[in-house]
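Coordinate analysis (summary)
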Amino acid sequence: MIDNNPILQVQNLTTAFDTEAGRIRAIDDVSFDLKKEQVLGIVGESGCGKSVTALSIMRLLPKPVGVIESGRILFKGEDIVGLEADKMHEIRGKRISMIFQEPMTSLNPVHRIGKQLTEVFHLHFSQMADAEIRQESIEILRKVGIPEPEQRMEEYPHGISGGMRQRVMIALALACKPEILIADEPTTALDVTIQAQILDLMKKLQRETGMAIIFITHDMGVIAETCQDVVVMYAGKVAESAATIELFKNPRHPYTQGLLASIPKLETPRKTKLNIIEGIVPSLYELPTGCRFRTRCPHVMDICALESPPLIEVAESHFASCYLYWKND
Amino acid sequence: MTDNLLEVKKLKMYFPIHGGILRRRVGWVYAVDGVSLKVRTGETLGLVGESGCGKTTVGRTIARLYKPVGGNVIFDGNDLARLSHRALREVRRDLQIIFQDPFESLNARHTVRDILQEPFQIHNIGIPKNREEEVVQLLSRVGMDDDALIRFPHEFSGGQRQRIGIARAIALKPKMIICDEPVSALDVSIQSQILNLLLELQSEMNLTYLFIAHDLAVVKHISDRIAVMYLGKIVEYAQADSLYDHPAHPYTHALISAIPVPDPQIKKNRQILVGDVPSPIHPPSGCVFHTRCPYVEDTCKVKVPELMPVPGTTDSDHLQACLRAGDISFD
């Protein structure tokens, strides 16, 4: 049963990067809520801002180029945007954890898995005894399905397969029993049979621990299989948000509609023309005025060029940022 | 009966591993180990499998980017495995290849004009003053404007670069194109644009494709027939629809059931394989899939299965390599 009090509220979040060509907003006015025990998907194509959203929440934006320009991130009611570094240390990795796409780049290649895992406990639970920490570490490796965990503690990351590395990453993230796990494309680099193993594991761990998960992916199939609710992002903005079943049944934003229609499915008749979304995602340096999707939208109207459309509630708990649903009264 | 434009027989490609101070050969990577395939004229054969299964090596060995250790590659009547480099150059007019990331296959220091004129220069086709026109036509055929001519590959998005790669591949009107993961690096909305383009070009130019990919939904969409690879071997070969509707090999079945379906209301009975793909340096004895197969028996560990018609049928269009194919069913 989902507790309706949000554990995390992202409100009007705008994150910008200073680049040689000027300041760009990677995400612009993004808002969503994450409830306790909820698995929320964020889906979108490259450059839509889904990873920047995650890094903003974790306060892991590259310094000094990445800055949160405005907006609030409320973790259990407390705004963590302005939190001092040492206070954030208390939260990051312990109460909000994150796993990344390529575990090889997030694991330290020169340290044994055991050392990297015990380090987490040393950092966050300094009062624990070494023997106890080692025992806990082995236990968590076992829990994420790593065979012979005692031996694996002595291995280096390059000595194990990609699927096993992602399991180690999950073990690291879950070591402190976080309340929120942010998973940024955790299965994208994996083969489909290994992806099935990892998704299965994440679902099982979520049920056991009751943690809330933000699942970031570009794969609508992964969303459909893992998330209760979903936020669709396009060019730094939220295009649509709804319960997963509702979104797939009644996609309302033309981008979501186009995206779902363009995926070849197993039952699509072979060698037929696929639906496409014309054109390409606009560069963040040259965003169109008004709605960012209007240059590719089949339903574009005059109003779309004027101002960015607000999120409009098109059905219960179903929001779309599109003037098609704008009622002028 | 359609003719086979390409017939691969018992293709073997091993890569040596060197080690020690003297860099002596200490072993082999058995990347492709006895692969046989037929691709009919004007059709698409999809080749699927997970990373490390050898599918890319099959494509590259067919194009003779590698010289095979054994086997034959009969393309349009010639055995490419035996041809000299001079003779190969002629054949390559008819056999082109598209890569996953065109950024690596397009010379970063050449303009699009140079890149697309190069095939004509190499093969000495046409006269230089007409080439510009040919190149403009190629660009428009793949959906690009001629203002791309003076630009460099890095100025384009991934999808546009893939269009340039395709333009180069079709420049000399080849008979066959080997497509090696051509849409894997692209976003979904761009992926469908490129797939549509490949389908259009196929019917316009009567192209034959070998389409290599790991995404089964994509492969099924574009292919007439599909071969499934695992650890250097073909484990199943069938007409695309029957492969999905009636997989005969346990690996094919697991692979299909692992695809996340973009429909939250479909609850699948998923077969999750345990463990990882073994190393092609030390492939398992007997059936290479036996270490992960849920239906393994003792014989599987010793006897090497051959690609054979599905038991109970004589359909040479549906072949599989499982010793237990007759007595297992997937429900």
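Residues numbered from 1 in each chain as written. Chains lettered and ligands numbered in written order. Predicted model: local features only at pLDDT ≥ 70, side-chain atom pairs only at ≥ 80, totals over all residues.

**Points about the overall build of chain A**
Scanning chain A for helices and strands turns up 11 helices and 12 strands. Its C-alpha atoms give chain A a radius of gyration of 21 Å, within 12% of the compact-globule value 20 Å for 329 residues. Its C-alpha atoms put chain A at 70 × 50 × 45 Å along the principal axes. Taking all 329 residues of chain A together, the buried fraction comes to 45%. Within chain A, contacts between residues at least 6 apart in sequence are counted, and of these 64% link residues at least 24 apart. (Helix = DSSP H or I, 4+ residues; strand = E, 2+ residues; numbered from the N terminus. Rg over C-alpha atoms; globule rule 2.2 N^0.38 Å. Buried ≥ 20, exposed ≤ 12 C-beta atoms within 10 Å, placed from the backbone. Contact = placed C-beta atoms within 7 Å.)

**As for the sheet that holds strand β5 (residues 78-79) of chain B**
Residue and element names in this part refer to chain B. An order of β2-β1-β4-β5 is seen for the four strands of this open sheet, with the pairing classed as antiparallel. Looking at the sheet topology across the chains shown, the edges are occupied by β2 (24-40) and β5. Pairing of strand β4 (residues 70-75) with β5, which is carried by two bridges, proceeds in the antiparallel orientation. Across the sheet, the residue bridging to Ile74 is Asp79, located in β5. (Pairing = 2+ DSSP bridges.)

**Focus: the domain arrangement of chain A**
Residues and elements named next belong to chain A. The domains assigned to chain A are domain 1 (6-95 + 176-325) and domain 2 (97-175). On a C-alpha basis, the centres of domain 1 and domain 2 stand 28 Å from each other. If you look at the interface, domain 1 gives 21 residues, while domain 2 gives 17 residues. Every element with two or more residues in the side of domain 1 that touches domain 2 is listed here: α1 (50-58), β7 (180-184) and α8 (192-209). When residues of the side of domain 1 that touches domain 2 are assigned to their parent elements, the largest contribution, five residues, is made by α8. When its residues are assigned to classes, the side of domain 1 that touches domain 2 shows 14 nonpolar, three polar and four charged. (Domains from an automatic or database assignment. Nonpolar A, V, L, I, M, F, W, Y, C, P; charged D, E, K, R; others polar.)

**What about the pairing of strand β1 (residues 4-19) of chain B?**
All names here are of chain B. When β1 meets β2, the two strands line up antiparallel, connected through 13 bridges. Residue pairing in the sheet places Glu7 in a bridge with Lys38 of β2. The turn linking β1 back onto β2 is made up of four residues, and Gly20 within it adopts a positive phi angle of 75°. Sheet analysis places β1 next to β4, joined by five bridges and oriented antiparallel. Residue pairing in the sheet places Lys9 in a bridge with Asn72 of β4.

**Thoughts on the interface of chain A and chain B**
Contact residues are listed per partner, giving 39 residues for chain A and 36 residues for chain B. At the level of secondary structure, the elements contributing two or more residues to the side of chain A that touches chain B comprise α8, α9 (220-226), α10 (244-249) and α11 (254-262) of chain A. A per-element tally of the side of chain A that touches chain B places α8 of chain A first, with seven residues.

**Some thoughts on the environment of Glu236 of chain B**
All names here are of chain B. The residue Glu236 is located in strand β10 (residues 233-239) in this model. By the C-beta count within 10 Å, which is 27 here, Glu236 ends up buried. Each C-alpha atom, one on Glu236 and one on Val310, is 9.6 Å from the other, the two residues being 74 residues apart in sequence. Excluding anything up to four places from it in sequence, Glu236 contacts Val228, Leu243, Pro247, Ala248, His249, Thr252, Leu319 and Gln320.

**Topic: the sheet that holds strand β12 (residues 318-320) of chain A**
Residue and element names in this part refer to chain A. On the basis of which strands lie adjacent, the open sheet formed by eight strands has the order β6-β7-β8-β3-β9-β10-β12-β11 and mixed pairing. Sheet topology places β6 (96-99) and β11 (312-315) at the edges, where each strand pairs with a single neighbour. Recorded for the sheet is a direction-independent mean angle of 20° between the axes of neighbouring strands. Across four bridges, β6 lies against β7 in parallel orientation. The residue bridging Ile96 from the neighbouring strand is Ile180, located in β7. (Axes fitted to C-alpha atoms, helices over the stretch in contact; angles between N-to-C directions.)

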